Structure formats: C-alpha cells, structure tokens
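# Structural overview for review
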Amino acid sequence: MTPVTTRTFAADPAGLEAAAEALRAGGLVAFPTETVYGLGVDARNSDAVARLYQAKGRPSFNPLIVHVASFEAAEALVEFDATSRDLAQAFWPGALTLVLPLKEGAGISPLVTAGLTTLAVRMPDHAVAQGLLAAFDGPVAAPSANPSGQVSPTTFAHVKTQMTGRIDGIVDGGACGVGLESTIVVAQAVPTLLRAGGVPAEAIEAALGGTLATPSDRVDDAAAPTSPGQLSSHYAPKGQVRLNVDHPAPDETLLGFGPVEAPLNLSPSGDLVEAAAALFDALHRLNEMGAERIAVSPIPAHGLGRAINDRLQRAAAPRAEGSGAPA
Ligand code: TXA
Ligand code: MG
C-alpha cells in the first residue's frame, strides 16, 4: 500500500473541523474516545471503509462499531426495543456498544456490517469524540486505531507509532480514561454479552434486573448472536505472555498487579479501574523494552477485572501464523 501523509489535528474547534473535512473526503482519521483511540471513517462511504480494512490489515468479515453523537442519531440507524432503550438511557454516552437490527435504508455501507443484518452502535463519552461527531454530523465507523491483532492504542503516541503512513490524520486528544474497549451487548430477547469491556457486566445486569448470557451459554440456540470479531489471538505484544503468575522465572519480566515487586505495575494498590486504564500502555511499553517473556500477576475476575483478563488471555493465546487476528 502506498504510504500516505498522516496529519496531526489539534483537539480544538478548528482542528476538529479540519478532521471532519478529512472524513467527508473519505479519509481515515484516528481520534480519542473514553475507551481507546478509534480509527474513524464515514460509515456511508464504502471506498473509505475498504481503505480502513486495508490500513488495519483487518479480516473483512469482522464488522465495525458505528459511533453517533446522540440517541436520535442511533435511532436513525437501528431498531431499539424497550430493553435496548433502557440500556442506552442508563449507559450512554459511555463504553457500552449495543448490537441491534439495522434499519432498512439507513445508508450504512455493507462493508461496515460485514453483511450482517445487525449494526453495532455506541455514543462515546469523550468531549473530543463528541466534538468530531458534531462537526462531521454523520455516522462514523471506528475500530480501534491499531494494526489488526496488535495492542489497542490509548494515547496519541501509540497511534502515531503504529499508524503513521497508513492513515490520513490523528486528532491529538491525550490519553483515554477507561483504557479498555467498550462492552458489547446484543440486547434481544436473551441479552447476551459479546465482549467484556469498559462497563462492567455487573452494572449492566443491575440495570437489566437479570443476568447476561454469553454466546457459550447458547451453543444450541439457533437464535444466538455471533461475535465474529472474537478470535482468540489478539492484543498481542511481541513477547510471550504467561498469566496468573505469583513467582516469575528469572528470565521473565513481571507485569504486576497489587503489592508486588515488578518493573511495571498495573496498580500497586490493586485498583481495577486504574489497572484497566494502564493495561494497553503497559503492553506497548513491554514491546519498547523488548521483553521476550512476560509474566502477569493474578487479577481478580470481577468488575473491570473481567475485561482485563479477557484481553490478557487473548494476548497470551497461541498465534497461528496468517490466521488473521481480529482488531
Ligand atoms: O471501545 C470501543 O469499542 C472501540 C472504540 C474506538 O469505540 N472500538 C472497538 O472496535 O473496539 P473494534 O473494531 O476493535 O471491535 C469491534 C467489535 C468486534 O469484535 C466486532 O466483531 C464486533 O465489535 N461487532 C461489530 N459489529 C457487530 C455485529 N453486528 N454483531 C456482532 N459483533 C459485532
Ligand atoms: Mg480492536
């Protein structure tokens, strides 16, 4: 692919207007959200979406999340029912993506949904993302702004290092507060958790007044939703990763959690929110340090710990060459 010039856009009104103009011209523009940096394109422009898949090296069967500025903008694209309306009311703007039936005539490129009849939508809780969506005034499809299979970006510098020469611009909006991608829920008759993420499953269950199913609970259910992006190897740092380690081997670099001696610690005080925000930056740093063998302290499996463990398990998964890891 021919290298392109990657501009930096300031996170001010003039910068966001220029970034919106680049999106209107079919460009690929990375921008911060509260979860991770997204790589945005006009969700109605198939040529732009095709360039996006190419820039990420993403398997084209893996559909994208569409970002909207308001509930009304989402309603123009997908069918809400009572449950999904309640969830949007409870968690938007925020780190919850809802997978809902795509409305006919919504104008979304079929490359965004990878041919599914559903669309994933979310309203980000970030002033810069909101400013860009308002300036653009249309649906923005945005996967995480990293090459497919690699660690997601939570700072401007991560995107710049990974995507310069592949995309048209980056909005410089500082570090992402949550640090993990959104939680993905299919809000149909049986609400189902497709991906653990920035909103803990417990909070969603409290809002639903019931439990969330997972796709593995529903293996015999013909109506069960599919989660095409959830292939096992992902978020992969360059080194090998071993999880739940209390006593690292001498040749291992410890990624700590809680009160342990470690060169990098996600949260010395054992705070899961702090650890979530630090996770991807720590994986980027381990790459920079050239760590070949990485050991990770045990991390509790509740609250944001569920999403942290999900990302770490994928980082530790065996990497089949050419398997086309998801993004
Ligand atoms: O926090 C986030 O969600 C970030 C920021 C940029 O918003 N975006 C993000 O996008 O993580 P991405 O492309 O890295 O992950 C999107 C996930 C994939 O696992 C994909 O398979 C799933 O969403 N997905 C998208 N549309 C879907 C659909 N219609 N049905 C089921 N899964 C879907
Ligand atoms: Mg991703």
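Figured I'd write up the structure that's included with this text. (Residues numbered from 1 in each chain as written. Chains lettered and ligands numbered in written order. Predicted model: local features only at pLDDT ≥ 70, side-chain atom pairs only at ≥ 80, totals over all residues. Heavy atoms only, no water.)

### Quick notes on the pairing of strand S3 (residues 38-42)
With respect to burial, S3 is a largely interior element, five of its five residues being buried. Following strand S2 (residues 29-31), the chain reverses through six residues before pairing antiparallel with S3. Two elements, S3 and strand S7 (residues 140-141), share two bridges in a ladder whose sense is antiparallel. Across the sheet, valine 41 pairs through a bridge with alanine 141, a residue of S7. (Buried < 20%, exposed > 50% of the residue type's maximum accessible area, 1.4 Å probe, protein only. Helix = DSSP H or I, 4+ residues; strand = E, 2+ residues; numbered from the N terminus. Pairing = 2+ DSSP bridges.)

### Describing empty space enclosed by the protein
Evaluation of the coordinates by the stated rule reveals one cavity of 30 Å³ or more. Taken as a whole, the largest cavity spans an internal volume of roughly 30 Å³. Around the largest cavity, the lining residues are Ala196, Gly197, Val199, Pro200, Ala201, Gly303, Arg306 and Ala307. Among the residues making up the lining of the largest cavity, the classes are represented as five nonpolar, two polar and one charged. (1 Å grid on protein atoms, 1.4 Å probe; cavity = no way out; pocket = protein on both sides within 12 Å on 5 of 7 lines; lining within 4 Å. Points joined across faces, edges and corners; volume = space filled by probe spheres on them. Nonpolar A, V, L, I, M, F, W, Y, C, P; charged D, E, K, R; others polar.)

### Notes on the sheet that holds strand S14 (residues 293-296)
One open sheet holds the four strands; their spatial order is S11-S14-S12-S13, and the pairing between them is parallel. Two strands lie at the open edges of the sheet, namely strand S11 (240-242) and strand S13 (264-265), each paired on one side alone. As defined by bridge partners, strand S12 (residues 253-256) adjoins S14 across three bridges and the pair is classed as parallel. Within S14, the position partnered with leucine 255 by the bridge is valine 296. Helix H9 (residues 272-289) rests against S12, S13 and S14 of the sheet, and its axis sits at about 165° to S12. (Contact = heavy atoms within 4.5 Å. Axes fitted to C-alpha atoms, helices over the stretch in contact; angles between N-to-C directions.)

### With respect to the sheet that holds strand S10 (residues 192-195)
Pairing is mixed in the open sheet, where ten strands are placed in the order S1-S8-S2-S3-S7-S4-S6-S5-S9-S10. Here the strands that pair on one side only, and so sit at the sheet edges, are strand S1 (7-10) and S10. Where strand S4 (residues 65-67) lies against strand S6 (residues 118-122), three bridges are found, and the strand directions are parallel. Counted as the bridge partner of histidine 67 is arginine 122 from S6.

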